[in-house]
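The residues making up each chain are set out below.
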Amino acid sequence: MMLLEGTVEVDDVDTFVAEIGEISAETGATIQAFDARYVVSERHLERAVELADRAIERGENVARDRAVEILLYAAGRRQITEALELGVSPGENRVVVLVDGGDETDAAATVRSRVLDAGTPTLGDYDSGRVCEYFDVSDAELDVVDGDLELLVLERVALLVVEK
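Residues numbered from 1 in each chain as written. Predicted model: local features only at pLDDT ≥ 70, side-chain atom pairs only at ≥ 80, totals over all residues. Heavy atoms only, no water.

> Could you clarify how one ought to interpret helix H5 (residues 104–114) in this entry?
Residues that lie three or four places apart on an α-helix share one face, since the helix turns once every 3.6 residues. If you check which residues of H5 are buried, you get Glu 104, Ala 107, Ala 108, Thr 110 and Val 111. Projection of H5 onto a plane perpendicular to its axis shows the buried side chains occupying an angular sector of 165 degrees, all on one side. For H5, exposure combined with an orientation more than 90 degrees from the buried face picks out Thr 105 and Ser 113. Where H5 is buried, its residues contact strand E1 (2–10), helix H1 (13–27), strand E2 (30–35) and strand E3 (91–100). (Buried < 20%, exposed > 50% of the residue type's maximum accessible area, 1.4 Å probe, protein only. Helix = DSSP H or I, 4+ residues; strand = E, 2+ residues; numbered from the N terminus. Arc of directions from axis to C-beta. Contact = heavy atoms within 4.5 Å.)

> Would you take a moment to explain the nonpolar core for this structure?
Phe 34, Leu 45, Tyr 73 and Leu 86 are the most contacted members of the largest nonpolar core, which totals 34 residues. Those elements giving two or more residues to this core turn out to be helix H2 (42–57), helix H3 (66–75), E3, helix H6 (128–134) and helix H8 (149–162). In this structure, Leu 45 is in contact with Met 1, Leu 3, Phe 34, Val 39, Ala 74, Val 96 and Leu 98, ignoring residues within four places of it in sequence. Counting 18 residues, the second-largest nonpolar core is a separate cluster that includes Val 88, Val 95, Ala 107 and Ala 108. (Core = buried A, V, L, I, M, F, W, Y, C linked by side-chain atoms within 4.5 Å.)

> Would you explain the layout of surface pockets in this entry?
Counted as a void, the largest pocket has a volume near 460 Å³. Taken together, 21 residues line the largest pocket, and the ones lying closest to its centre are Val 17, Ile 31, Gln 32, Ala 67 and Val 68. If you list the elements that add at least two residues to the lining of the largest pocket, you get H1, E2 and H3. Here the element with the most residues in the lining of the largest pocket is H1; it accounts for seven residues. Here the residues of the lining of the largest pocket are counted per class, giving 13 nonpolar, five polar and three charged. (1 Å grid on protein atoms, 1.4 Å probe; cavity = no way out; pocket = protein on both sides within 12 Å on 5 of 7 lines; lining within 4 Å. Points joined across faces, edges and corners; volume = space filled by probe spheres on them. Nonpolar A, V, L, I, M, F, W, Y, C, P; charged D, E, K, R; others polar.)

> Would you mind going over the pattern of salt bridges with me for this structure?
It is possible for side chains of opposite charge to pair when their charged atoms get near one another. All chains considered together, the criterion is met by 14 salt bridges. Taking the shortest distance from any N to any O, the salt bridge between Asp 35 and Arg 37 comes out at 2.6 Å. Judged by its relative accessible area of 4%, Asp 35 falls in the buried class. (Salt bridge = Lys/Arg side-chain N within 4 Å of Asp/Glu carboxyl O.)

> Which parts of the structure should I look at to understand the packing of aromatic side chains?
What characterises a pair of aromatic rings is the spacing of the ring centres plus the angle enclosed by the ring planes. Scanning the model with the defined rule gives two aromatic pairs in all. Judged by centre distance (5.1 Å) and plane angle (85 degrees), the rings of Tyr 134 and Phe 135 are edge-to-face. Classification of Phe 135 by relative accessible area gives buried; the value is 3%. By way of ring pairs, the aromatic residues Tyr 38, Tyr 134 and Phe 135 are connected into one cluster. The cationic tip of Arg 77 hangs over the ring face of Tyr 134; the distance from NZ or CZ to the ring centre is 3.9 Å. (Phe/Tyr/Trp six-rings, centres within 6.5 Å; stacked < 30°, edge-to-face > 60°. Lys NZ or Arg CZ within 6 Å of the ring centre and 35° of its normal.)

> Explanation requested: the sheet that holds E2 in the structure shown.
Two pairing modes exist for strands in a sheet, parallel and antiparallel, and in both the strands are linked by backbone hydrogen bonds. Strands sit in the order E1-E3-E2 across an open sheet of three strands; the sheet is antiparallel. Across the chains shown, the open sheet's two edge strands, defined by having one partner strand only, are E1 and E2. Taken pair by pair, the neighbouring strands of this sheet meet at an average axis angle of 30 degrees, ignoring direction. Where E1 meets E3, nine bridges bridge the pair, whose relative direction is antiparallel. (Pairing = 2+ DSSP bridges. Axes fitted to C-alpha atoms, helices over the stretch in contact; angles between N-to-C directions.)

Worth remembering: the numbers are spatial, not functional.
Written out as structure tokens, the structure reads:
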């Protein structure tokens, strides 16, 4: 798994998704772009990939597409429409792009050259208020784990398996 960081200018989300889909088809890699304001750590996305792959192997996946299944786990949601909030939106987006499987090196290079301005680090620069609201994390929960928001997000990701 490779994570790319930077910004993307999205005029039309469907066109952006189609471009990512083309790169994925050309390289055999799974590619998913996340709004960096919601990604608390590399481990957040690693865990989403692990759980999505496990669901696919067991035939328990919700989405037909692996990239979408990973998005669902990263979001801790079973509904694709709800999980899309973690994706890109029209305008300038600070993103973390996950590239996994296939020809990762070629896929990453192509993403960098065709869609990503890789000059801006984004991983770990999340919006804690936005994350708490999206993942429904309370101040009381944060107090219990000494403010370790990553731990609580990882718990929400893992709980998706139980909430079927």
